[in-house]
Amino acid sequence: MGQIRLTGNPEIAVTVRRSARARRLSLRISQLDGRVTLTLPRAVPEAEGRAFLRAKEAWLRRHLETQGAPVPVGLGARIPLEGTLHEILPGAGRSVTRGEGVLHVPGDPDRAAARLQGYLRTLARDRLAAASDFYSAKLGKPYTRLTLRDTRSRWGSCTSDGGLMYSWRLILGHPEVLDYVAAHEVAHLRHMNHSDRFWAEVERLYGDWRAPRKWLRDHGNELHRYRFD
């Protein structure tokens, strides 16, 4: 894979991907993090791909604008926590503390993003473990382990041996969304599919799951705007 940069304001980085299976040129914008991928069939020259990209540039910029710009995390920035925006401010002591609409981060300002990410991951683990414990007890089937990742393709998963994985960024969204994802993955402990029986199990565990699922589809990509690196 290579990369093409579209000059302008802002500059757009486009990943170029070759595919032996592709039959035509295609342009894709990730709904999770806004990354742009241009796929070229094996025999199509890169010059043709660049021409295609220039022809689609206005469309591409319009769609990227609707997704919102990345937000570098640091002192003075605002990030959501459990669905409510919090301003990141300097703090005292040794630990991140949470107030009404604020997060106080002590120490070196250059380390604020890393310290805050550690705090958020710990909080996410606590919330997701509590939700997973609750729903697995209700299901009557335990899980074997719980891991957190910064996944871009899914919010959670369940392995055949009962391991649960979640995106720690769920802590940024509304609590009911986090609860729904936990119930969804726990339901996979019994049904490793998305059959009608699976969705009935999700409804038995959580209740009406349609609103939080729709929120994730419509707004989940916004949680990936916040850059901690």
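For the structure itself, consult the block above.
Enquirer: How should the sheet that holds strand S8 (residues 97–99) be read in this particular structure?
Expert: Adjacent strands of a sheet pair through backbone hydrogen bonds, lying either parallel or antiparallel. Read across the open sheet, the four strands follow the order S6-S7-S9-S8; overall the sheet is mixed. Lying at the two open borders of the sheet, with one neighbouring strand each, are strand S6 (78–81) and S8. Averaged over all pairs of adjacent strands, the angle between strand axes in this sheet comes to 35°, irrespective of strand direction. Two strands pair when backbone bridges link them, and strand S7 (residues 84–90) and strand S9 (residues 102–105) are joined in this way by four bridges, in the parallel orientation. Paired with Glu87 across the bridge in S9 is Val102.

Enquirer: Please clarify how the pairing of strand S2 (residues 12–19) should be interpreted in this entry.
Expert: The side chains of a regular strand alternate, first on one face of the sheet and then on the other. Where strand S1 (residues 2–6) meets S2, five bridges bridge the pair, whose relative direction is antiparallel. Bridge pairing in S2 links Ile4 to Val14. Taking the residues that link successive antiparallel strands as the turn, the S1-S2 hairpin has five residues, and the phi of Gly8 there is positive, at about 145°. As judged from the six bridges shared by S2 and strand S4 (residues 36–41), these two strands associate in the parallel manner. Among the inter-strand pairings, Val14 is bridged to a residue of S4, identified as Val36.

Enquirer: What exactly am I supposed to notice about the nonpolar core here?
Expert: One broad rule of soluble globular proteins: the nonpolar side chains tend to lie buried together. Leu116, Leu120, Tyr166 and Ile171 are the most contacted members of the largest nonpolar core, which totals 48 residues. For this core, the secondary structure elements donating two or more residues are S6, S9, helix H3 (112–139), strand S10 (145–149), strand S12 (163–167), helix H4 (175–187) and helix H5 (196–206). Sort the elements by how many residues they give to this core and H3 lands first, with ten residues. With sequence-adjacent residues up to four places away left out, Ile171 is seen in contact with Leu81, Glu82, Leu120, Leu123, Ala124, Arg127 and Leu178. Judged by nonpolar contacts, the second largest core, of 15 residues, contains Val16, Leu27, Leu40 and Val44.

Enquirer: Which parts of the structure should I look at to understand the pattern of salt bridges?
Expert: Two side chains of opposite charge can pair, provided their charged atoms sit close to one another. Applying the stated criterion across every chain yields a total of twelve salt bridges. Two residues, Glu201 and Arg204, come together in a salt bridge whose shortest N-O distance is 2.7 Å. Taken together, the residues Glu201 and Arg204, both in helix H5 and three residues apart, mark about one turn of the helix. What makes Glu201 buried here is its relative accessible area of 9%.

Enquirer: How should I be thinking about H4 in this particular structure?
Expert: Every α-helix winds through 3.6 residues per turn, so residues three or four apart in the chain are directed the same way. Under the 1.5 Å per step criterion, the end-to-end length of H4 is 18 Å for 13 residues, consistent within 8% with the ideal 18 Å. Where burial is concerned, most of H4 is hidden: ten out of the 13 residues are buried. Considered for burial, the residues of H4 that qualify are Val177, Leu178, Tyr180, Val181, Ala182, Ala183, His184, Glu185, Val186 and Ala187.

The rules we used
Residues numbered from 1 in each chain as written. Predicted model: local features only at pLDDT ≥ 70, side-chain atom pairs only at ≥ 80, totals over all residues. Heavy atoms only, no water. Pairing = 2+ DSSP bridges. Helix = DSSP H or I, 4+ residues; strand = E, 2+ residues; numbered from the N terminus. Axes fitted to C-alpha atoms, helices over the stretch in contact; angles between N-to-C directions. Core = buried A, V, L, I, M, F, W, Y, C linked by side-chain atoms within 4.5 Å. Buried < 20%, exposed > 50% of the residue type's maximum accessible area, 1.4 Å probe, protein only. Contact = heavy atoms within 4.5 Å. Salt bridge = Lys/Arg side-chain N within 4 Å of Asp/Glu carboxyl O. Expected span 1.5 Å × (residues − 1).

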